[in-house]
Amino acid sequence: DAKTTQPTSMDCAEGRAANLPCNHSTISGNEYVYWYRQIHSQGPQYIIHGLKNNETNEMASLIITEDRKSSTLILPHATLRDTAVYYCIVRVEGGFKTIFGAGTRLFVKA
Amino acid sequence: NAGVTQTPKFQVLKTGQSMTLQCAQDMNHEYMSWYRQDPGMGLRLIHYSVGAGITDQGEVPNGYNVSRSTTEDFPLRLLSAAPSQTSVYFCASQGMGNQPQHFGDGTRLSIL
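Report on the accompanying structure.

Rules behind the numbers
The residue numbers shown here count from 1 along each chain, following its written sequence. Lettering for chains starts from A, numbering for ligands starts from 1, and both go in the order in which the items are written. This being a predicted model, a pLDDT of at least 70 is required before a residue's local features are given, and a value of 80 or more before pairs of side-chain atoms are given or counted; all residues contribute to the totals for chains, interfaces and linings. Only hydrogens and water are removed before side-chain values are computed, so all heavy atoms of the structure are retained for them. In summary, the pairing rule links any two rings of Phe, Tyr or Trp, Trp by its six-membered ring, whose centres are within 6.5 Å, and it sorts them by plane angle into stacked for under 30 degrees, edge-to-face for over 60 and tilted for everything else. Working definition: helices are DSSP H or I runs of at least four residues, strands are E runs of at least two. Numbering for both runs from the N terminus. Only protein chains enter the accessibility calculation, which uses a 1.4 Å probe. A residue is then buried if its area is under 20% of the maximum for its type, exposed if over 50%, and partly exposed in between. The pairing criterion for strands is at least two bridges between them, as found by DSSP. Helix axes use the C-alpha atoms of the stretch in contact, all axes being lines fitted to C-alpha atoms, and the angles between their N-to-C directions lie in the range 0 to 180 degrees.

Section: the packing of aromatic side chains
Per the counting criterion, the structure on display carries nine aromatic pairs over all chains. With 6.1 Å between their ring centres and 85 degrees between their planes, A:Tyr36 and B:Phe103 make a pair best called edge-to-face. Residue A:Tyr36 is located in strand 3 (residues 31-38), and its partner B:Phe103 is located in strand 10 (residues 101-103); the two belong to separate chains. Under the relative-accessibility criterion, A:Tyr36 is labelled buried at 1%.

Regarding the sheet that holds strand 3 (residues 19-25) of chain B
Residue and element names in this part refer to chain B. Here four strands make up an open sheet; going across it, the order is 1-3-8-7 and the pairing antiparallel. Each edge of the open sheet carries a strand with a single partner, namely strand 1 (4-7) and strand 7 (64-66). The average undirected angle you get between the axes of adjacent strands in this sheet is 20 degrees. Summarising the sheet, strand 7 and strand 8 (residues 76-78) pair through three bridges and their orientation is antiparallel. Its bridge partner lying in strand 8, tyrosine 64 is registered against leucine 78.

Things to note about the pairing of strand 11 (residues 107-111) of chain B
Residues and elements named next belong to chain B. Every second residue of strand 11 is oriented toward a common face, the buried set being Thr107, Leu109 and Ile111 and the non-buried set Arg108 and Ser110. Across four bridges, strand 2 (residues 10-13) lies against strand 11 in parallel orientation. Note that in strand 11 the partner of glutamine 11 across the bridge is leucine 109. Relative to strand 11, strand 9 (residues 87-94) runs antiparallel, the two sharing three bridges. Note that in strand 11 the partner of valine 88 across the bridge is arginine 108.

Some points on the sheet that holds strand 4 (residues 45-50) of chain A
Residues and elements named next belong to chain A. Taken together, the five strands give an open sheet; going across it, the order is 1-9-8-3-4, and neighbouring strands pair in mixed fashion. Where the open sheet ends on each side, the last strands, each with one partner, are strand 1 (9-13) and strand 4. Adjacent strand axes in the sheet meet at a mean angle of 25 degrees, parallel and antiparallel pairs treated alike. Bridging between strand 8 (residues 84-92) and strand 9 (residues 104-109) involves three bridges; their strand directions are antiparallel. Pairing of tyrosine 86 across the sheet is with threonine 104, part of strand 9.

Encoded structure:
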């Protein structure tokens, strides 16, 4: 599976959109981009995933560039409860060996 | 639907003791994994399984054993606990295709 690169930390004002970038320049055509988050010491929580089209669900939006070398997770109206570590992971369809990186620590400030 | 259930939630062991961390899922997922997370660090893969009777090593397998006799259960065994194994342990399961992983709430393990 391709490796991902994320900023170590980011700040966001409460009520504003949080845009979390992820670089996956070596991604292959059959690899999906997944986003998880981990609030404090809880188990990681799945947020969203996509292959090449932009995706949206009740939690977030995922924007994947046309060349698929990078993506952005968007939390449209960040709240204090969105403070967490966000992990961007690339995994081949049907793959099962998921390796987590260090993620981005998002601080949402009042 | 309970999802992924881990027991116990907390445990304190003495060096040299053995212990089994339990993980069960009720989603009929083929894939299951164990991770450890040290303070301030990301998750590291210990062992994983692609189905009953099949297991393989992850990034940090030393000191741990696993088995998968049923689809539902994937226990993690510490053979002789060491202080370096003090960590939070997470179990995860995953369905086929491009389905995401589902994680348990973790087991917080301290080894004195």
